[in-house]
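A structural walkthrough
Below are the chains, spelled out letter by letter.
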Amino acid sequence: MSDDDIILAELDDEALVQQMQDDLYDGLKEEIEEGTNIFLGRGWNAYDILTKALVEGMRIVGEDFRDGILFVPEVLLSANAMKAGMAILRPLLTETGAPKVGKMVIGTVKGDIHDIGKNLVGMMMEGAGFEVIDLGINNPVEDYLAAIEEHQPDILGMSALLTTTMPYMKVVIDELKQKGIREDIFVLVGGAPLNEEFGRAIGADAYCKDAAVAVETAKTLMKRKHNVAAS
Ligand code: B1M
């Protein structure tokens, strides 16, 4: 059977997850949208669709990109397909009846245009009741400083996906120190090449390995802030 003959709605859950990973690999945007909607119709929650089908699919793309099997144009198609699936899930991930628990400014650092993970973190934070100001990609230190001054956030989130751009996070943190505002804000960092040790070394409050950890960490820090303020 060729891919054209596959009727997504007829696949069971396991086969559909597999097929969506294949379709993401092939950059098939409409199929990703269709698969996402089928899973929603079957009662799957948005987070499971995201992690099991889309993020896992992108992990496989990343491996073949690294190994020189896939190239930038193909990976761009995969990224667009992933974003189409995320656009369907966005309202579900961001909806919250809860009062705002805090404010976060987030952006990908200078020299880096990867934004899927950062977008995901933003959505999940909104879903957890945070107000999120998204600065987009390729942000020099001035953008972060201007956003902090304008929005007075509780948290600054920075994303970097390249080993060449992750050191820029320290440039931003050092500038916050220089300006005497480092202690006024929590700094969370994330992105595939980072780890806890790096987070500590550059002076961040925490490294977040994924969006769920970012949400949990942000909530914990906000609780701590409110407890200190109350005591
Ligand atoms: Co890029 N790329 N890429 N790429 N790309 C990587 C990162 C790479 C690991 C691929 C590989 O070789 N295996 C590699 C980096 C190697 C390295 O630095 N050691 C790489 C490279 C080399 C490049 C180029 C240099 C390629 C070239 O041009 N020759 C180029 C650089 C462009 C630039 O930024 N200046 C490039 C370009 C691109 C595309 C444009 C084609 C596309 C990006 C499209 C887009 O984002 N709009 C792309 C993609 C898609 C990838 C991979 C395949 C997938 C990234 C992704 O979206 N993952 C990636 C491979 C990989 O990461 N394994 C790769 C899914 C996403 C949900 O996960 O982003 O990790 P992630 O986010 C997670 C966590 O990390 C965390 O939570 C997220 C959700 O759970 N997190 C945070 C992320 N940010 C956070 C911020 C926080 C908290 C948590 O703040 C609080």
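Each remark here, short or long, concerns the structure printed above.
All values reported here derive from a predicted model rather than from experimental measurement. (Residues numbered from 1 in each chain as written. Predicted model: local features only at pLDDT ≥ 70, side-chain atom pairs only at ≥ 80, totals over all residues. Heavy atoms only, no water.)

A short note on helix α1 (residues 13–25)
Given a rise of 1.5 Å per residue, 13 residues ought to cover 18 Å, and the 18 Å separating the end C-alpha atoms of α1 matches this to within 8%. Residues L16, V17, Q19, M20, Q21, D23 and L24 constitute the buried set of α1. Looking at the buried residues of α1, the elements they touch are α2 (29–41), α3 (46–66) and α4 (72–94). Within two residues after α1, G27 carries a phi angle of roughly 70°, on the positive side. (Helix = DSSP H or I, 4+ residues; strand = E, 2+ residues; numbered from the N terminus. Expected span 1.5 Å × (residues − 1). Buried < 20%, exposed > 50% of the residue type's maximum accessible area, 1.4 Å probe, protein only. Contact = heavy atoms within 4.5 Å.)

Thoughts on the coordination of the cobalt atom of the ligand
No protein donor other than H114 (NE2) coordinates the cobalt atom of the ligand, and that contact is at 2.2 Å. If you trace the backbone, H114 turns up in the loop between β1 (102–108) and α5 (116–127). (Donors = N, O, S within 2.8 Å, 3.2 Å for Na, K, Ca; no water.)

Side note on unusual backbone geometry
With a phi close to 55°, N138 is a non-glycine residue in the positive phi region. Note on placement: N138 falls in the loop between β2 (130–134) and α6 (141–151). For N138, a relative accessible area of 40% gives the class partly exposed.

Some remarks on the site of the ligand
The ligand sits among 33 residues. The nearest are I113, H114, D115, S159 and T163. Within the side chain of D115, a nitrogen or oxygen atom sits 2.8 Å from a nitrogen atom of the ligand. Between the ligand and the protein, one listed contact pairs a nitrogen atom with a side-chain N or O atom of S159 at 2.7 Å. Here the ligand occupies the largest pocket. Those elements that provide at least two residues to the shell around the ligand are α3, α4, α5, β3 (155–159) and β4 (186–190). Per-element accounting of the shell around the ligand gives the leading share, five residues, to α4. (Near = heavy atom within 4 Å. Polar contact = N/O pair within 3.5 Å; in protein donor to acceptor, adjacent residues only side chain to side chain. 1 Å grid on protein atoms, 1.4 Å probe; cavity = no way out; pocket = protein on both sides within 12 Å on 5 of 7 lines; lining within 4 Å. Sits in = over half its atoms within 2 Å of the grid points.)

Function cannot be read off these values alone, since they describe shape.
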